Amino acid sequence: MASIESTSRTLRRRQGAAAAVPAAREARPVAAPAPGRSVIEFRGVSKRYSGGDVGLDDVTFAIERGEFVFLVGATGSGKSTVMRLLIKELEPTAGTIRVAGHDLGEIKRKRIAYYRRNVGVVFQDFKLLPSRTVYDNVAYALQVTGGTRREIRDKVPDILRLTGLSTKLHNYPDQLSGGEQQRVSIARAFVNHPPLLLADEPTGNLDPETSVDIMRLLYRINRTGTTVLIASHDQTMVDKMRRRVLELAHGRIVRDEATGLYTRDETTREFARRMRAPSARPPGLG
Amino acid sequence: MRLGFFLKEAIRSMRRSAAPSFAALATVLVTMLVLGVFIPIVQATNGAANSVAGRVMVDVYMKTGATAADDARVRGELLRVPHVKGVEFVPKQQAYQAQASQYPQAYALLGSNPLPDTFHVIPDKPSNVLLVHSALTPPGASGGVLDPSIQSVSNKQSDTKKILEVTNLVTITAAVLTVLLVLASMLLIANTIRLSLYARRREVEVMKLVGATDWFIRWPFVIEGMIVGSVGALLAICVLGATKIALLDPLASNWTLIAAPRTIGFVVLVIVLLGSGALVSAVGSGLSLRRFLKV
């Protein structure tokens, strides 16, 4: 937990708004979940697109540090809008969004790049750089932050080992399978050890078996203390995971609950075994 | 480390997207070639026009009986006329020798020297020649000339006017053409670069999502533009150099326009082409990228 605390302090320092974050908050006991400790906080957020479509309609929720949360809903329900708001690709029409205690509306255009370095993002279509090898794709995320050559040599092989890509270092993205490409994209998102990882339909293009592997990887990352928010429409997958679920419909939150019982300290191995088990319904649910 | 990184990035992207880079390079090559041919031509034309205009002058012919004292007095009077830059005295013996060597048979028949002492009156600016002329031929004076010992003042008003008009036209046309050509080159290069960037806009988008700052993304593109621009210009210079050595230098002895001393020096031309090629391409890349950076 200490490492997240320090990363998020770095996040605050980088955004250069120390005054907005009272120092007392950091002194609070870690165990007590107070609203101020939220990694993500949406308060009355609405997003209306220029064409008149409603992306989000007065959405309020909070996600605590270290949580693993699913965002579900039909196509067009606003999942992607939430994601795009969180990486500040879009601006909300109304309401405030806070990430690690920071109002996104106060981040100036020039500082967006620095903000994004603290949020790992995984996309359905991977969004890898086609002209770079696996190694260079991951290294780019470090080069962007001014990482030294030594740092890159140290960190990149580590993260690629974690994601099981050690043998594919010098392949280009088009030589990899979909699952492998998604692993590269996760490695890239996580190489900076961001306090928050967003995944927009990370398994949308993958077969069920590969999806389990990807979910397992995301779970492993979550167990290092990173808050993970996954947008997904894969209902069985979400049910099996037994994590907190936020459901959106027509831009509104219609469900916010933990599906079934689960133990926070389940190992990744147990997790994977349970995910592959044929009996889909979690015992806690009627 | 940063510069090295940007340089490596630029070279990598050129290698990986060879076709668009080559298109940009070819565009720079062609436009620089055209400019490289056009600039000396414009300069030679201007030089020729100016030297023609510079030869515009008023001739003052003395009476045959004029003495050296008369010549000295007239010289003084001519120099006092406004807009006169200088006076050139040609004694009749010298004029005779010059003419006789040009047309020896005709002058051998003549026997004696029919030529008068002559003053070439040079105006300060070619366009003032008519003012000088009218000052030398005041309407009220004796015989219509300034001094009694002057026989006549050359009357080439219509010729002078024509020369001045033509040279002005040539100069202005050349200037307009140069501006148009430079503009066209810039647009052509910028558009080609924009096309090659358009092919890579998704890459730029991904870079932004990973948290790259605008300039972090932009520098490699600017350096790439610089490299493409200078290589294109360098190739153009090689072609121009080869043409100059193979074609122009042998011809220069027969064709005075090419040998005109006022054309731009080859070294200067090389620097101008190289500099403008690199600069236009670099700025073009940097500016064209702006649209794609808005993610």
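Cut-off values and rules
- Residues numbered from 1 in each chain as written.
- Chains lettered and ligands numbered in written order.
- Predicted model: local features only at pLDDT ≥ 70, side-chain atom pairs only at ≥ 80, totals over all residues.
- Heavy atoms only, no water.
- Helix = DSSP H or I, 4+ residues; strand = E, 2+ residues; numbered from the N terminus.
- Buried < 20%, exposed > 50% of the residue type's maximum accessible area, 1.4 Å probe, protein only.
- Contact = heavy atoms within 4.5 Å.
- Areas by Shrake-Rupley, 256 points an atom, 1.4 Å probe, with all protein chains shown as cover.
- Patch = residues over 30% accessible without salt bridge, like charges linked within 9 Å, V, L, I, M, F, W, Y side chains within 5 Å.
- Salt bridge = Lys/Arg side-chain N within 4 Å of Asp/Glu carboxyl O.
- Lys, Arg positive; Asp, Glu negative; His and termini not counted.
- Charge placed at Lys NZ, Arg CZ, Asp CG, Glu CD.
- pLDDT = per-residue confidence, 0-100.
- Pairing = 2+ DSSP bridges.
- Axes fitted to C-alpha atoms, helices over the stretch in contact; angles between N-to-C directions.
- Buried area = accessible area lost by both parts, 1.4 Å probe.
- Polar contact = N/O pair within 3.5 Å; in protein donor to acceptor, adjacent residues only side chain to side chain.
- Phe/Tyr/Trp six-rings, centres within 6.5 Å; stacked < 30°, edge-to-face > 60°.
- Lys NZ or Arg CZ within 6 Å of the ring centre and 35° of its normal.

Right, let's talk about the overall build of chain B for a bit. In terms of regular secondary structure, chain B is built from eleven helices and four strands. By the burial criterion, 40% of the 295 residues in chain B qualify as buried. Considering only intrachain contacts with a sequence separation of at least 6, the fraction spanning at least 24 residues in chain B is 82%. Surface exposure of chain B reaches about 16,100 Å², of which carbon and sulfur atoms provide 67%.

Moving on to a positive patch on the surface. On the surface, R194(B), R290(B), R291(B) and K294(B) cluster together into a patch of positive charge. For R194(B), the location among the structural elements is in helix α7 (residues 157-198).

Turning next to the confidence of the model for chain A. The predicted model of chain A has a mean per-residue pLDDT of 82, with 82% of residues at 70 or higher. When the criterion is pLDDT under 50, residues 1-35 of chain A qualifies, and its contacts beyond four places in sequence or with other chains add up to 34 contacts.

This next bit is on the pairing of strand β1 (residues 40-48) of chain A. All names here are of chain A. Here β1 runs beside strand β2 (residues 54-63); their pairing, made up of six bridges, is antiparallel. Following the sheet pairing, I40 is matched in β2 by I63. What sits between the antiparallel neighbours β1 and β2 is a turn of five residues, in which G52 has the positive phi angle 100°.

All names here are of chain B. Taken together, four strands build an open sheet; the order of strands is β2-β3-β1-β4 and the sheet is antiparallel. Of all strands in the sheet, those bounded by a partner on one side alone are β2 (84-90) and β4 (150-153). Sheet twist, expressed as the mean angle between neighbouring strand axes with direction ignored, is 20°. Note: strand β1 (residues 58-62) against strand β3 (residues 118-123), four bridges, orientation antiparallel. Bridge assignment links V58 to a residue of β3, and that residue is V121. In the packing of helix α6 (residues 129-136) onto the sheet, contacts are made with β1, β2, β3 and β4, and the angle to β1 comes to roughly 25°.

This paragraph deals with a nonpolar patch on the surface. Together, I172(B), V176(B), L177(B) and L180(B) line one region of the surface with nonpolar side chains, adding up to about 370 Å² of accessible area. Judged by relative accessible area, which is 45%, V176(B) ranks as partly exposed.

Another point: the interface of chain A and chain B. Quoted interface sizes are often the accessible area lost when the parts come together. The partner chain B presents 21 residues to the 24 residues of chain A that form the contact. Summing the contributions of chain A and of chain B, the shared interface buries around 2,200 Å²; its carbon and sulfur component is 54%. Applying the counting criterion to the chain A and chain B interface returns five salt bridges. One salt bridge connects R12(B) with D136(A), and the closest N-O pair in it is separated by 3.3 Å. Remark: the boundary between chain A and chain B carries six residue pairs in polar contact (both at pLDDT 80 or more).

Looking now at the packing of aromatic side chains. Applying the stated criterion across every chain yields a total of nine aromatic pairs over all chains. With centroids separated by 5.4 Å and ring planes inclined at 40°, the aromatic side chains of W215(B) and W219(B) adopt a geometry described as tilted. Here W215(B) pairs with W219(B), and both are found in helix α9 (residues 214-252), just four residues apart, close to one helical turn. The side chain of R243(A) reaches across the aromatic face of F68(A), ending 5.9 Å from its centre. Against the face of Y198(B) rests R201(B), its NZ or CZ located 4.0 Å from the ring centre.

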